[in-house]
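Below, each chain spelled out in residue letters.
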Number of protein chains: 2
Amino acid sequence: MTQRKLGRGVAIVGAGMSQFGAFPEKASRDLFVEGFQEMRDSVDKGLDPGDIEALYIGNYSSDLFERQGHTAPIMADWVGLTPRPATRIEDACASSGVALRQGILAVASGLYDVVLVGGIEKMSNLPTAQVTDTLATAGDALYEIPAGFTFPGFYAAMASAYMARYGATPEALMRVGIKNHDNGALNPKAQFNSSIAQIMAAKQASAARKGRPVPQWADEMAFLHDERANPSIAWPLRLFDCSPISDGAAALLLVSQEIARRFTDDPLHITGSGQASDRALHDRPDLTTIGAARMAGQAAYRMAGVEPQDIKIAEVHDCFTIAEILATEDLGFFEPGQGHVAVEEGLTARNGLKPVNTSGGLKAKGHPVGASGAGQVVEIWKQMRGQAGARQVARDVDLALTHNVGGTGQTCVVHIFERR
Amino acid sequence: MTQRKLGRGVAIVGAGMSQFGAFPEKASRDLFVEGFQEMRDSVDKGLDPGDIEALYIGNYSSDLFERQGHTAPIMADWVGLTPRPATRIEDACASSGVALRQGILAVASGLYDVVLVGGIEKMSNLPTAQVTDTLATAGDALYEIPAGFTFPGFYAAMASAYMARYGATPEALMRVGIKNHDNGALNPKAQFNSSIAQIMAAKQASAARKGRPVPQWADEMAFLHDERANPSIAWPLRLFDCSPISDGAAALLLVSQEIARRFTDDPLHITGSGQASDRALHDRPDLTTIGAARMAGQAAYRMAGVEPQDIKIAEVHDCFTIAEILATEDLGFFEPGQGHVAVEEGLTARNGLKPVNTSGGLKAKGHPVGASGAGQVVEIWKQMRGQAGARQVARDVDLALTHNVGGTGQTCVVHIFERR
């Protein structure tokens, strides 16, 4: 795809998120206020909300989750932005990654200097089976859903195809989960703020408290192989291969590069943005790669003028563990068929060669679907500025990447961030 | 609101729409293909779809209407655009007007030269009461819907406030319906391709055929006052004050001004774009005006450097008859409180001083909510190029305007088009 340069540069000068988790007492708007407040507090030289000229909010389906459509002006109202233009962007679980892209284009167009990009989802209202059915609407309602597919099934099909082609094992998938929980344990905003080892200990303590037999596992891998502790969802995917049902919000402040230093001496420059679409999964020739991710990645690398090996850290879309492995290949971090080896060798660990999902990823941080793409950028913001606390990577992060997937890969959007 | 100039100019070089109506056998994607084909055929020098670089699709809630989320890549696929970026824009009934604005910003950003903007909605799947409940999600699900409001009720509240303040009568509302049906009767794409007089004659013929007493009405106004022919929905609004439940799609081809003449020697230049948000209706100080419409209109006029009196024709958002009267005031065509006088005096008739809704408007052309904003532009395209057939306005249309409202006015987007 041809892709030209932007009319002018765009930088991020603030980023924040709500707690991710299950919050029965909160609506989307409450979560967005929480994310907005952390964003506002993150702006080094302060933010007058009156300077914000427009809002782009990513949201998958408040329609189905909360029976609330037309959610953008509500979000604008609740953070005091009325009468600024407020627009909802939807591309399933890539909604707020795509909202970020629209915010970038809006600033680059010259119309706005200061734009708020957000993401929200409130999923925990519905019973689990209804959440699964609601998420299935991101597949093809005419050609896939009537055949009984839901998202664990879609990604299980990709996982089994990948394992068959490349000889990967379920243990490689499990390694993704262990790594991401290790990271989530160090992220106070994460829904699962605990490692697999901590979860094992908690289960043992709970059994002891209740006077039940205390389960024993040799190690995390033994725990993850225990069908009771980690039941099968859709072979080869088990419970700990799946991201949770989450509520959450995130907010990013975008400004034109020329005025970035009014807000901070340490802006993040968005140097690459790529987006691509694909057919529904039933209509693709290959289940072991997500074509839209490859194309979006290539477009972003080309715009930024960098190569995959230049990227220091990445937040990728691990809605299921297999999705992280595919992402690391589609983005060119590893050769096709080598992503599973890389995770088993620890290359994507927090202090590995190519740290992936230092936030805990969607798996441990949580996956409020419409907020996940913007949430990824919050982690990049913190890591690049050295504000990631206990999970801060050791190296100096001058180049980072986010990769956000919608549905089974009918949408993918990739962004590249540079700190100068 | 501050609003700067766009980085570069944008023009429309193609526009088309599907038939509007109720099509039980069609899905959104089928309707979009139909609209896309008319758009493609409208490009004077021909269009290679491979030149299209991105798709922005307005859609209110395929989630609730068709249980199909993530609709943008499906639309891209069905018109052959995979793997181009495909993004859904949602702002209730303003979705495709706002999608047009995003398309404009995307071209102005420098990233794309050729962008497809579309709108779709497939509403007739659901029973009427469920459609009403689905549309109500465009209100505030926490503060309005639990009180029993649906959209006829919202606009009835505005109508009664307006009548109380300005002494307007139900007859003024009826005049909007008569005018728009007169226009729709000349629009072969309209859902109601018949005038009120034709509808009266059809009802009489049907009664005669069935051997029933043939109803007699002195004139159209007598018909509209007949509670059986035109029952009350929410006082003062009756059936013929309400736009119908519709299926439909529309498609617009946007290009950067510099390359417009590759596609046509007669492009429409988009010289003004304004968008604003507002609080939900329960939280507004005045029900007799839509503040977001006033602000969006002012922003669009300022960008285009024109005044309300310069506009030759307008397509405005008459989801209910009262909404058209408010629109003509909010846009500055008439003073506050004079919109109802203007329609009674025929000023907004097809060959009046300021023709409004020559297409038949949402009332007669139909209101597939996510497609309506783009559909308005199709009418402007045809009128400005002298291709509107029997409903072509007599005057030379060098400046025209569209006005697209989301919900009760939490969103409004206005565009101005110039033919040079």
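All residue numbers refer to positions counted from 1 along the written sequence of the respective chain. Just so you know, chain letters begin at A and ligand numbers begin at 1, following the order they were written in. Local features in a predicted model are, by the rule used here, given only for residues with pLDDT of at least 70; side-chain atom pairs are given and counted only at 80 or more, and totals for whole chains, interfaces and linings are based on all residues. Calculation of side-chain values draws on the structure's entire complement of heavy atoms; hydrogens and water are dropped beforehand.

**Q** Can you break down helix α10 (residues 291-304) of chain B residue by residue, with the values?
**A** All names here are of chain B. Counted at 1.5 Å a residue, the expected span for α10 with its 14 residues is 20 Å, and the 20 Å between its end C-alpha atoms agrees. In terms of residue burial, α10 counts as a mostly covered element, since ten of its 14 residues are buried. Relative accessibility decides the category of a residue: with a 1.4 Å probe and only protein chains considered, values under 20% of the type maximum give buried, values over 50% give exposed, and everything between is partly exposed. Strands here are runs of E lasting at least two residues and helices are runs of H or I lasting at least four, both read from the DSSP assignment and numbered beginning at the N terminus. What α10 keeps buried is the set Gly-291, Ala-292, Ala-293, Ala-296, Gly-297, Ala-299, Ala-300, Tyr-301, Met-303 and Ala-304. Buried-residue contacts for α10 involve β8 (268-277), α11 (321-330), β10 (399-406) and β11 (411-418). The first or second residue beyond α10 is Gly-305, which carries a positive phi of 70 degrees. Between the first and last residue of a helix there are one fewer steps than residues, each counted as 1.5 Å, and that sum is the expected span. In what follows, residue pairs with any heavy atoms lying within 4.5 Å of each other are defined as contacts.

**Q** Would you mind going over the interface of chain A and chain B in detail, with residue names and values included?
**A** Taken together, the contact pairs 70 residues of chain A with 70 residues of chain B. Salt-bridge detection follows one rule: a side-chain nitrogen of Lys or Arg within 4 Å of a carboxyl oxygen of Asp or Glu. The tally of links between chain A and chain B comes to six salt bridges. Notably, a salt bridge pairs B:Asp140 with A:Arg29, separated by 3.0 Å at the nearest N-O pair. Polar contacts, as used here, are pairs of N or O atoms within 3.5 Å; protein pairs need one atom able to donate a hydrogen and one able to accept it. Residues neighboring in sequence count only if both atoms are side-chain atoms. Across the chain A-chain B interface, the total number found is 35 residue pairs in polar contact (both at pLDDT 80 or more). Counting only elements with at least two residues in the side of chain A that touches chain B, the list comes to α2 (62-66), α3 (71-78), β3 (86-90), α4 (95-108), α5 (128-136), β8 (268-277) and α10 (291-304) of chain A. Note: two strands are recorded as paired if DSSP finds a minimum of 2 bridges between them. Bridge count for β3(A) against strand β3 (residues 86-90) of chain B is three bridges, and the pairing is antiparallel. Across the sheet, residue A:Arg88 finds its bridge partner in β3(B), namely B:Glu90.

**Q** A description of a positive patch on the surface should follow, citing residues and the corresponding values.
**A** For patch building, the residue pool is restricted to those with more than 30% relative accessible area and no salt bridge; the joining distance is 9 Å between like charges and 5 Å between nonpolar side chains (Val, Leu, Ile, Met, Phe, Trp, Tyr). Where accessible areas are quoted, they stem from the Shrake-Rupley method and a 1.4 Å probe; at the residue level, only the protein chains shown are allowed to cover. The sign given to each residue is positive for Lys and Arg and negative for Asp and Glu; His and the chain ends receive no count. Charge placement uses NZ in Lys and CZ in Arg. For Asp and Glu, CG and CD serve respectively. Taken together, A:Arg209, A:Lys210, A:Arg212 and A:Arg228 make up a surface patch of like positive charges. Note that A:Arg209 resides in helix α8 (residues 196-209).

**Q** Can you lay out a nonpolar patch on the surface for me, pointing to particular residues and giving the numbers?
**A** Together, A:Trp78, B:Leu142 and B:Tyr143 make up an exposed nonpolar region whose accessible area comes to about 320 Å². On the secondary structure map, B:Leu142 appears in the loop between α5 (128-136) and α6 (151-166).

**Q** Quick rundown of the relation of the copies chain A and chain B? Include the residues and the values.
**A** The two copies are related by a screw motion: chain A maps onto chain B through a turn of 180 degrees and a shift of 0.0 Å along the axis, at an RMSD of 0.0 Å. The symmetry that links the two subunits is that of a two-fold axis. Closest approach to the rotation axis within chain A is made by the C-alpha atom of A:Ser109, at a distance of 1.8 Å. The fit set for superposing copies consists of C-alpha atoms from residues with pLDDT of at least 70 in both; the fit itself is least squares.

**Q** Can you explain the environment of B:Ala172? Please cite residues and give values.
**A** All names here are of chain B. Assignment of secondary structure puts Ala-172 in helix α7 (residues 170-184). Residue Ala-172 is classed as buried on the basis of its relative accessible area of 1%. Separated by 95 residues in the primary sequence, Ala-172 and Pro-267 have C-alpha atoms spaced 37 Å apart. Excluding residues within four positions of it along the chain, Ala-172 makes contact with Ile-325, His-340, Val-343 and Glu-344.

**Q** Explain the side chain of A:Asp140 residue by residue, including any values.
**A** As for its placement among the helices and strands, A:Asp140 is situated in the loop between α5 and α6 (151-166). On the basis of relative accessibility, which here comes to 4%, the residue A:Asp140 falls in the buried class. Among the polar contacts listed, one links the side chain of A:Asp140 to the backbone nitrogen of A:Tyr143, at a separation of 3.1 Å. The residues contacting A:Asp140, other than those within four sequence positions of it, are A:Ile145, A:Pro146, A:Ala280, A:His282, B:Arg29, B:Gln68 and B:Ile74.

**Q** Outline the packing of aromatic side chains, supporting the account with residue identities and numerical values.
**A** The pairing test for Phe, Tyr and Trp rings, Trp by its six-membered ring, is centres within 6.5 Å, and the orientation test on the planes gives stacked under 30 degrees, edge-to-face over 60, and tilted for anything in between. Inspection of the entire model under this criterion finds 16 aromatic pairs over all chains. Cluster of aromatic residues (ring-pair linked, three or more members): A:Phe149, A:Phe151, A:Phe154, A:Tyr155 and A:Phe320. Charge-over-ring placement is defined geometrically: NZ (Lys) or CZ (Arg) within 6 Å of the ring centre, and within 35 degrees of the ring normal. We note B:Lys354 situated over the ring of B:Phe333; from NZ or CZ to the ring centre the distance is 4.6 Å.

**Q** So what about the nonpolar core? Which residues, and what values?
**A** By size, the foremost hydrophobic cluster in this structure holds 81 residues, and its most contacted members are A:Leu254, B:Tyr56 and B:Leu254. To form a nonpolar core, buried Ala, Val, Leu, Ile, Met, Phe, Trp, Tyr and Cys residues must be joined to one another through side-chain atoms within 4.5 Å. The next biggest cluster of nonpolar side chains, apart from the first, holds 58 residues, and it includes A:Leu126, A:Tyr162, A:Tyr301 and A:Val316.

**Q** Give me the pairing of strand β1 (residues 10-17) of chain B: which residues, what numbers.
**A** Residues and elements named next belong to chain B. Across the eight residues that make up β1, a large majority, eight, are buried. Bridge count between β1 and strand β7 (residues 247-256): seven bridges; the pairing is antiparallel. Bridged to Met-17 within β7 is Ala-250. Where β1 and β8 come together, three bridges link them in antiparallel fashion. Residue pairing for β8: Val-10 is matched across the bridge by Ile-270.

**Q** Please provide a residue-by-residue account of the pattern of salt bridges, values included.
**A** Within the structure shown, the criterion is met by 42 salt bridges over all chains. Two residues, B:Arg279 and A:Asp77, come together in a salt bridge whose shortest N-O distance is 3.0 Å. Placement of B:Arg279 in the loop between β8 and α10 and of A:Asp77 in helix α3 is noted, with the two residues assigned to different chains. Linked through salt bridges whose partners overlap, the residues forming this network are A:Arg8, A:Asp113 and A:Glu258.

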